[in-house]
Amino acid sequence: MPTSIITVRRVSELRALVAGWRRADETIGLVPTMGALHDGHLALIRQAQADCRRCIATLFVNPTQFGANEDLAAYPRDEAADRTKLAALGVDALFAPTVDEMYAPDASTTVIVAGLTEHLCGPFRPGHFAGVATVVAKLLLQSLPDAAYFGEKDFQQLQVIRRLARDLDIPVRIVGVPTVRDADGLALSSRNAYLSADERKAASTLPRTLSSIAERLARSPSDVAAQIDWGRAQLAAAGFGKIDYVEVCDVETLQPVNEVSGPARVFGAAWLGRTRLIDNAPVQR
Ligand code: AMP
């Protein structure tokens, strides 16, 4: 089992590495992460390795996607542990740039994906998706892989990235990977580490509620408003504090729907103490 991994910190080194693989006609998969790796990240890596000859993981806690009152300083960081996990999986390289390497002091270009960011997390995290879209566009252009892998857990983010790659003609296939969950259904997340024991017990109410709503809407597609009310009540009863949203949206436009008539998902974001959890569930019809 490999115990070390090539780590590059500069865009020029990343490009040289990729150029060498390209010369050998090798395909390349990219897995962007903010580190604190868990089995959800590892599922993205396994998919990339199944599809591509080479796999690059990136580790960058991107400051521009955190709001002023968010957890940038507290975000869990353990690059050495992440490197060990990536090496054990046989990942070919880790790209772990510094903030200075990623952003010139006078950087003045931002990628804004309109429409898709109007609802769900958009209004609750001003500037977040602009930060994500900009850094992901940069990572894609820096490495120009064949494919890049993102989790369906962050479904709005996945759709934003698909859209920016299409709109900016970035020639990279964007691949969505199903959410990896704990035994009780809670989606794995680096932020789950913030939960107290009691909060962790309550947390599985979020996925349970969203999938119950999805099942009911599969049977009663026009029941959206009543199901949202029911879902909010379930979360409140389980001890969730602020409920940012429970919404049912079209999967392509991410606009809320009052009735399920095409492909749709149920989305939720709510707080347990100081931790914000998000999740989503497809309506199977
Ligand atoms: P993060 O490090 O949280 O920015 O996540 C990096 C990538 O891993 C994103 O594409 C996430 O959507 C994905 N991801 C995070 N949690 C999970 C999960 N539980 N299952 C699948 N993918 C995930």
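Predicted model only: the values in this text are computed from it and were never measured.

## Re the nonpolar core
So, step 1. Judged by nonpolar contacts, the single largest core of 45 residues is most densely connected at I56, F95, L140, L164 and I174.
So, step 2. With eight residues, the top contributor of residues to this core is helix α6 (residues 128-143).
So, step 3. Split by domain, this core shows at least three residues from each of two domains, domain 1 (6-177) and domain 2 (190-282).
So, step 4. The residues contacting I56, other than those within four sequence positions of it, are L14, V18, W21, I28, G29, L30, V31, A93 and F95.
So, step 5. Core analysis: the second largest hydrophobic core is formed by 24 residues, A203, V260, A264 and V266 among them.

## Some details on the sheet that holds strand β3 (residues 54-59)
So, step 1. Spatially, the six strands line up as an open sheet ordered β1-β4-β3-β2-β5-β6, and their pairing is parallel. The open sheet has two edge strands with one neighbour each: β1 (6-8) and β6 (173-177). Neighbouring strand axes in the sheet, compared pairwise and without regard to direction, differ in orientation by 25 degrees on average.
So, step 2. Here six bridges tie strand β2 (residues 28-33) to β3, and the two strands are oriented parallel to one another. Bridge pairing links T33 to L59 in β3.
So, step 3. Its contacts with the sheet place helix α7 (residues 155-167) against β5 (147-151) and β6, and it is angled at close to 170 degrees to β6.

## Some thoughts on the site of the ligand
So, step 1. Near the ligand you find 17 residues, and of these M34, H41, D154, V180 and L188 are the closest.
So, step 2. In this structure, an oxygen atom belonging to the ligand sits 2.6 Å away from a side-chain N or O atom of D154.
So, step 3. Between L188 and the ligand, the recorded distance is 2.8 Å, taken from a backbone N or O atom to a nitrogen atom.
So, step 4. The fraction of the free accessible surface of the ligand (480 Å²) that becomes covered by protein chains is 92%.

## Focus: the domain arrangement of the chain
So, step 1. Domain boundaries in the chain define domain 1 (6-177) and domain 2 (190-282).
So, step 2. Note on domain 1 versus domain 2: buried area summed over both sides is about 1,900 Å², and carbon and sulfur give 54% of it.
So, step 3. In terms of surface lost to domain 2, no three residues of domain 1 exceed L120, F124 and F155, which account for 32% of the buried area on that side.
So, step 4. Where domain 1 touches domain 2, the interface holds two salt bridges.
So, step 5. Along the contact surface separating domain 1 from domain 2 lie 10 residue pairs in polar contact (both at pLDDT 80 or more).

## A word on the pattern of salt bridges
So, step 1. A complete count under the given rule lists 17 salt bridges for this structure.
So, step 2. E26 is the partner of R53 in a salt bridge, and the nearest nitrogen-oxygen pair spans 3.9 Å. Of the two residues, R53 is situated in the loop between α2 (39-51) and β3 and E26 in the loop between α1 (11-23) and β2; the sequence distance between them amounts to 27 residues.
So, step 3. Since its relative accessible area comes to 14%, E26 is described here as buried.
So, step 4. For R181, the salt bridge goes to D279, with nearest N and O atoms at 2.8 Å. Separated by 98 residues along the polypeptide, R181 in the loop between β6 and α8 (197-203) and D279 in strand β9 (residues 275-282) bring together distant segments of the chain.
So, step 5. Under the relative-accessibility criterion, R181 is labelled partly exposed at 34%.
So, step 6. Through salt bridges with shared partners, one network takes in E26, R53, R54 and D92.

Calculation rules
- Residues numbered from 1 in each chain as written.
- Predicted model: local features only at pLDDT ≥ 70, side-chain atom pairs only at ≥ 80, totals over all residues.
- Heavy atoms only, no water.
- Core = buried A, V, L, I, M, F, W, Y, C linked by side-chain atoms within 4.5 Å.
- Buried < 20%, exposed > 50% of the residue type's maximum accessible area, 1.4 Å probe, protein only.
- Helix = DSSP H or I, 4+ residues; strand = E, 2+ residues; numbered from the N terminus.
- Domains from an automatic or database assignment.
- Contact = heavy atoms within 4.5 Å.
- Pairing = 2+ DSSP bridges.
- Axes fitted to C-alpha atoms, helices over the stretch in contact; angles between N-to-C directions.
- Near = heavy atom within 4 Å.
- Polar contact = N/O pair within 3.5 Å; in protein donor to acceptor, adjacent residues only side chain to side chain.
- Areas by Shrake-Rupley, 256 points an atom, 1.4 Å probe, with all protein chains shown as cover.
- Buried area = accessible area lost by both parts, 1.4 Å probe.
- Salt bridge = Lys/Arg side-chain N within 4 Å of Asp/Glu carboxyl O.

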